[in-house]
Amino acid sequence: AIVAMIGTEPAGIIAVQPDADYFTIHARAHVDFLVVARETEGQGVGRALISYVERWARERRLAEVVLDAFGGNAGAIAFYERSGFSPDHIRLTKTLV
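Here the structure is a predicted model, which means the values were calculated and not measured. (Residues numbered from 1 in each chain as written. Predicted model: local features only at pLDDT ≥ 70, side-chain atom pairs only at ≥ 80, totals over all residues. Heavy atoms only, no water.)

Peer 1: For this particular structure, what's the right way to read the overall build of the chain?
Peer 2: Check the secondary structure of the chain and you find 2 helices and 4 strands. Taken along its principal axes, the extent of the C-alpha atoms in the chain is 40 × 40 × 25 Å. Taking all 97 residues of the chain together, the buried fraction comes to 33%. In the chain, the proportion of contacts linking residues at least 24 apart, taken out of those at least 6 apart, comes to 49%. The averaged location of the 12 negative side-chain charges in the chain is 2 Å from the averaged location of its 10 positive side-chain charges. (Helix = DSSP H or I, 4+ residues; strand = E, 2+ residues; numbered from the N terminus. Buried < 20%, exposed > 50% of the residue type's maximum accessible area, 1.4 Å probe, protein only. Contact = heavy atoms within 4.5 Å. Lys, Arg positive; Asp, Glu negative; His and termini not counted. Charge placed at Lys NZ, Arg CZ, Asp CG, Glu CD.)

Here's what the structure looks like:
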């Protein structure tokens, strides 16, 4: 996990790990989570953390960076799309209880 700081205050955190695609087995980086402090949203913290992960993945010769976002989180999805991510698959769920 990497913590972004603004001055002496934590502004965001991202966790990443090497992974392999389920179907093709190619090496990739998987972002477990990305959180930006509400008071620092819009200040480039998320973009800096994503950029760090991209550099980290390239240094390890990983083929891609993957992450998940909740379908209803339009703000996160828009941020990721602005950062160059695009949908790869859609997971559908049905609540039974």
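Following the structure, the description resumes.
Peer 1: Hey, could you run me through helix α2 (residues 74–82) in this one?
Peer 2: Structural remark: α-helix, 3.6 residues per turn; residues separated by three or four positions point the same way. Turning to α2, its buried residues number three or more, namely A76, F79 and Y80. Axial view of α2: buried residues confined to an arc of 95 degrees, hence all on one face. Facing away from the buried side of α2 by more than 90 degrees, the exposed set consists of A74 and R82. Elements that come into contact with the buried residues of α2 comprise β3 (27–36) and α1 (45–59). Remark: G84 follows α2 within two positions and exhibits a positive phi of approximately 100 degrees. (Arc of directions from axis to C-beta.)

Peer 1: Explain the confidence of the model for the chain to me, please; I cannot follow it from the model alone.
Peer 2: Atomic detail in the predicted coordinates should be set aside for any region of low pLDDT. Averaged over the chain, the pLDDT score is 95; the fraction of residues at 70 or greater is 100%. When mean pLDDT is taken per element in the chain, α1 scores highest with 98 and α2 scores lowest with 95. (pLDDT = per-residue confidence, 0-100.)

Peer 1: I keep staring at the sheet that holds β3 and nothing clicks. Help me out?
Peer 2: One key point about sheets: their strands pair by backbone hydrogen bonds, in either a parallel or an antiparallel sense. Strand order across the open sheet formed by 4 strands is β1-β2-β3-β4, with mixed pairing between neighbours. Edge positions in the sheet fall to β1 (2–6) and β4 (65–66), since each of these pairs with one other strand and no more. Both strand β2 (residues 9–20) and β3 contribute to a ladder of 9 bridges, which runs antiparallel. Within the sheet, the bridge partner assigned to Q17 lies in β3 and is H30. Helix-sheet contacts for α1 involve β1, β2, β3 and β4, and the interaxial angle to β2 is about 30 degrees. (Pairing = 2+ DSSP bridges. Axes fitted to C-alpha atoms, helices over the stretch in contact; angles between N-to-C directions.)

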